[in-house]
Amino acid sequence: MTAPAELTCKELVELVTEFLEGYLPEPDRERFEAHLAICDGCTAYVEQMRTTIRVTGTLTEEQVPQEATDRLLSAFRSWKDR
Amino acid sequence: MQSGTDRDLDLLDALRAGDDDAFMELVERYQAMMLRIAAMFVPSRAVAEEVVQETWLGVLQGIDRFEGRSSFRTWLFRILVNIAKTRGQRERRSVPFSSLLPGDPEESAVDPDRFQPATGDLPGHWVTFPAHWEQAPEERLLAGETRGVVEGAIEGLPPAQATVIRLRDVLGWSSQEVCNALDISETNQRVLLHRARSKVRRALERYLTEEMVET
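Quantities reported herein were computed from a predicted structural model and do not represent experimental measurements.

Right, let's get into the overall build of chain A. Broken down by element type, chain A carries 4 helices and 0 strands. Walking chain A from its N terminus toward its C terminus, one meets helices and strands in the order α-α-α-α. Taking the principal axes of the C-alpha coordinates as reference, chain A spans close to 75 × 25 × 15 Å. Counting all 82 residues of chain A, 20% fall into the buried class.

Dropping the structure here:
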């Protein structure tokens, strides 16, 4: 048996989402974690992705214009009276 | 605090009983996202608004058949996507579904120039390491301007990537819910999310690097 080839940084950045989503299959996950243990650049990169997700989570959806909701409300009222 | 999905079920009960406020709360909650998704399938904003309107009418007509086996929002978005697809075909401006899918297989998460070439000492390794953002103060990361950078980056994404990152990371949906609502596979969902997050990270990196140089 040969040891699995070491992951490069360039390969690792393409696997980050699968890793964070818990979808990285076993031999790859081990290689991923082994690489992180020795690579400060990739450790920073994974942290940056986590921070990106966290900052994105602070955004909010825009509000809906009043006239659109008014039209829906009158549709709702006529449904109620059906 | 009540979870979003539990609140939906309470609102549905109230809506069945004819409560205007409950209906409006549901509309407020989902309208913006519904418009964005509808816009992926039809040619104009005006048609997208009609699709959303029609979806709500479909919800009212079908509410007695909704048994709560899936979450309300999964059910809602399935109705929306079905109507939007039909409408898109009728308008003869049907977006080929393939254009919503990941596309260019070569698109990379990070600028390839950031890595050493095959002739380097360590091919495929960083030329210079990414910065540790913990050094950026928390207030700066969560400041309005930083969030504006993220919002701008999402706005600039292809529609399918923008929709997936909004559902997953802004609204906090699970991957399963996103797949169900948009009728895409797990793999496609993950590729879209990966591309979207990678680009938002790049935008943040560009912004924070300038910031840190200035200070």
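Structure's up, so let's keep going.
On to the interface of chain B and chain A, then. Between chain B and chain A, the contact holds 45 residues from the first and 37 residues from the second. Split into classes, the residues belonging to the side of chain B that touches chain A amount to 25 nonpolar, 10 polar and 10 charged.

All names here are of chain B. Formed by 50 residues in total, the largest nonpolar core has its most connected members in Ile37, Ala38, Val51, Leu76, Leu80, Ala84 and Val164. With 9 residues, helix 4 (residues 72-90) is the single largest residue contributor to this core. For this core, the two domains that each supply at least three residues are domain 1 (4-90) and domain 2 (99-214). Beyond its immediate sequence surroundings of up to four residues, leucine 76 is in contact with Tyr30 and Val59.

Residue pairs three or four apart in sequence face the same way in an α-helix, which turns once every 3.6 residues. With 13 residues, helix 1 (residues 4-16) of chain B should cover 18 Å at 1.5 Å per step; its first-to-last C-alpha distance of 18 Å lies within 8% of that length. Count one or two residues on from helix 1 of chain B and you reach B:Gly18, which has phi positive near 85°.

In this section: the environment of B:Gly88. Note on placement: B:Gly88 falls in helix 4. Each C-alpha atom of the pair B:Gly88 and B:Ala38 lies 9.2 Å from the other, and the pair is 50 residues apart in sequence.

Residues and elements named next belong to chain B. Backbone geometry places aspartate 183, a non-glycine residue, at a positive phi of 60°. The residue aspartate 183 is located in the loop between helix 8 (175-182) and helix 9 (186-214) in this model. Under the C-beta neighbour-count criterion, aspartate 183 is labelled partly exposed, with 13 such atoms within 10 Å.

Residue and element names in this part refer to chain B. For chain B, the domain assignment lists domain 1 (4-90) and domain 2 (99-214). One C-alpha centre belongs to domain 1, the other to domain 2; they are set 29 Å apart. Those elements that place two or more of their residues in the side of domain 1 that touches domain 2 are helix 2 (20-39) and helix 4. Looking at the side of domain 1 that touches domain 2 element by element, the count peaks at 4 residues for helix 4.

This part takes up the environment of B:Gly152. Here B:Gly152 shows up in helix 6 (residues 144-155). Linking B:Gly152 and B:Gln189, residues 37 residues apart in sequence, is a C-alpha distance of 21 Å.

Below, the discussion takes up the packing of helix 4 (residues 66-80) of chain A against helix 3 (residues 45-62) of chain B. Axis separation between helix 4 of chain A and helix 3 of chain B bottoms out at 11 Å; the angle between their running directions is 25°. One element, helix 4 of chain A, and the other, helix 3 of chain B, form an angle in the roughly parallel class. For the element pair helix 4 of chain A and helix 3 of chain B, the recorded crossing hand is right-handed. Residue-level inspection shows A:Ala68, A:Arg71, A:Leu72, A:Ala75, A:Phe76 and A:Trp79 of helix 4 of chain A in contact with helix 3 of chain B, the latter providing B:Glu49, B:Gln53, B:Trp56, B:Leu57 and B:Leu60.

Turning our eyes to something else, we now look at the packing of helix 1 (residues 9-20) of chain A against helix 3 (residues 40-56) of chain A. Residue and element names in this part refer to chain A. With their axes 11 Å apart at the nearest point, helix 1 and helix 3 run at an angle of 35° to one another. Regarding helix 1 and helix 3, the two cross each other, and that crossing is right-handed. For the pair helix 1 and helix 3, contact is made by Cys9, Leu12, Val13, Val16 and Leu20 and by Gly41, Cys42, Tyr45, Val46 and Met49, respectively. Tallied by class, the residues present in the contact of helix 1 with helix 3 amount to 9 nonpolar, 1 polar and no charged.

Calculation notes
Residues numbered from 1 in each chain as written. Chains lettered and ligands numbered in written order. Predicted model: local features only at pLDDT ≥ 70, side-chain atom pairs only at ≥ 80, totals over all residues. Helix = DSSP H or I, 4+ residues; strand = E, 2+ residues; numbered from the N terminus. Buried ≥ 20, exposed ≤ 12 C-beta atoms within 10 Å, placed from the backbone. Contact = placed C-beta atoms within 7 Å. Nonpolar A, V, L, I, M, F, W, Y, C, P; charged D, E, K, R; others polar. Core = buried A, V, L, I, M, F, W, Y, C linked by C-beta atoms within 7 Å. Domains from an automatic or database assignment. Expected span 1.5 Å × (residues − 1). Axes fitted to C-alpha atoms, helices over the stretch in contact; angles between N-to-C directions. Parallel < 35°, antiparallel > 145°, perpendicular 65-115°, else oblique. Left-handed = near helix turned anticlockwise from the far one by under 90°.

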